[in-house]
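# Residue-level structure breakdown
Here are the chains, one letter per residue:
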Amino acid sequence: EADIYQTPRYLVIGTGKKITLECSQTMGHDKMYWYQQDPGMELHLIHYSYGVNSTEKGDLSSESTVSRIRTEHFPLTLESARPSHTSQYLCASSGAGGNNEQFFGPGTRLTVL
Amino acid sequence: AQKVTQAQTEISVVEKEDVTLDCVYETRDTTYYLFWYKQPPSGELVFLIRRNSFDEQNEISGRYSWNFQKSTSSFNFTITASQVVDSAVYFCALSGNNAGNMLTFGGGTRLMVKP
């Protein structure tokens, strides 16, 4: 069973606020990912990391930023939230070796008013 | 470029019916991996199965079965005797020959099982 955690699960916040979505995993996985999920279900990769001090942008352009200072921790930050950022954000991690499955956290549902 | 197509956006069945979710993929990689994930209403994605491109053996796990056919580039998922708890969105995904375990997801199929 995967041990990957996200907080908060739900967040309602006003426009212009700075927010950080937390993601932690206890599996020692090197690879971690952030996805944004539209209401219409499709998943879009917005950030990923191969390990400590490694971060890359994903397929979908995002105004968010990420950091990877510790293996187990991969937070996502929005400096100034806007209504267009309203979405579900899913964090995932994957073990060493090629083509291992990704394990997902429970997600954060963000609403920006 | 890789692509995963789940042509069925929504399927509705009555409990105890069998249902098949279709997945068609495109890739130029000779080695690749296919996955199915389940997303219940609570929101998390639950890993169901991984299949390697060089292993076309079908797999059965309880009421779930998967049919992988390289000739038609398909990796279909069948639920036998569906239950209300099977109601969820199901995603098919593809990972090519990359070290980052990057996934290409299909658009998802929403399955509704009615009592």
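Scroll up to find the structure this text is about.
A brief look at the structure comes next. (Residues numbered from 1 in each chain as written. Chains lettered and ligands numbered in written order. Predicted model: local features only at pLDDT ≥ 70, side-chain atom pairs only at ≥ 80, totals over all residues. Heavy atoms only, no water.)

### Structural notes on the pairing of strand S6 (residues 46-52) of chain B
All names here are of chain B.
- Bridging between strand S5 (residues 33-39) and S6 involves 6 bridges; their strand directions are antiparallel. Within S6, the position partnered with Tyr 37 by the bridge is Phe 47.
- Linking S5 to S6, which pair antiparallel, is a turn of 6 residues; within it Gly 43 sits at a positive phi near 110°. (Pairing = 2+ DSSP bridges. Helix = DSSP H or I, 4+ residues; strand = E, 2+ residues; numbered from the N terminus.)

### Quick word on the nonpolar core
Residues and elements named next belong to chain B.
- One finds Trp 36, Phe 77, Tyr 90 and Leu 111 to be the most contacted residues of the largest nonpolar core, which totals 23 residues.
- Where this core is concerned, the elements lending two or more residues are strand S2 (10-14), strand S3 (19-21), S5, strand S8 (64-69), strand S9 (74-79), strand S10 (88-95) and strand S12 (109-114).
- Sorting elements by how many residues they give to this core places S10 first, with 4 residues.
- For Phe 77, the contacting residues outside a window of four places in its chain are Val 19, Thr 20, Leu 21, Trp 36, Leu 48, Tyr 64, Ser 65, Trp 66 and Tyr 90. (Core = buried A, V, L, I, M, F, W, Y, C linked by side-chain atoms within 4.5 Å. Buried < 20%, exposed > 50% of the residue type's maximum accessible area, 1.4 Å probe, protein only. Contact = heavy atoms within 4.5 Å.)

### Some words on the sheet that holds strand S1 (residues 4-7) of chain A
Residue and element names in this part refer to chain A.
- Strand order in this open sheet of 4 strands is S1-S3-S8-S7, and the pairing throughout is antiparallel. The outermost strands of the open sheet, each flanked by one partner alone, are S1 and strand S7 (65-66).
- With 3 bridges joining them, strand S3 (residues 19-25) and strand S8 (residues 76-78) adopt antiparallel strand pairing. What sits directly across from Thr 20, in S8, is Thr 77.

### Here's the deal with the state of the cysteines
- Counted by the stated rule, this structure contains 2 disulfides over all chains.
- Between the sulfur atoms of A:Cys23 and its disulfide partner A:Cys91 the distance amounts to 1.9 Å. The sign of the S-S torsion, about -75°, decides the handedness of the disulfide formed by A:Cys23 and A:Cys91: left-handed. One end of the pair, A:Cys23, is in strand S3; the other, A:Cys91, is in strand S9 (residues 87-94), with 68 residues separating them in the sequence. Comparing A:Cys23 with A:Cys91 shows no difference in burial state: the two are buried.
- Two residues share a disulfide in this structure: B:Cys23 and B:Cys92, whose sulfurs sit 2.0 Å from each other. Between B:Cys23 and B:Cys92, the S-S torsion sits near -65°, and that sign places the bridge as left-handed. Separated by 69 residues along the polypeptide, B:Cys23 in the loop between S3 and strand S4 (24-26) and B:Cys92 in strand S10 bring together distant segments of the chain. (Disulfide = S-S within 2.5 Å.)

### Brief notes about the interface of chain A and chain B
- Taken residue by residue, the interface counts 25 residues in chain A and 27 residues in chain B.
- Buried surface at the junction of chain A and chain B, summed over both partners, amounts to about 2000 Å²; 53% is from carbon and sulfur atoms.
- Our count for the contact surface shared by chain A and chain B stands at 1 salt bridge.
- One can count 4 residue pairs in polar contact (both at pLDDT 80 or more) joining chain A with chain B.
- Within the residue set of the side of chain A that touches chain B, elements represented by two or more residues are strand S4 (31-37), strand S5 (43-49), S9 and strand S10 (102-104) of chain A.
- The element that contributes the greatest number of residues to the side of chain A that touches chain B is S4(A), accounting for 4 residues.
- Considering only residue class, the side of chain A that touches chain B consists of 10 nonpolar, 10 polar and 5 charged. (Buried area = accessible area lost by both parts, 1.4 Å probe. Salt bridge = Lys/Arg side-chain N within 4 Å of Asp/Glu carboxyl O. Polar contact = N/O pair within 3.5 Å; in protein donor to acceptor, adjacent residues only side chain to side chain. Nonpolar A, V, L, I, M, F, W, Y, C, P; charged D, E, K, R; others polar.)

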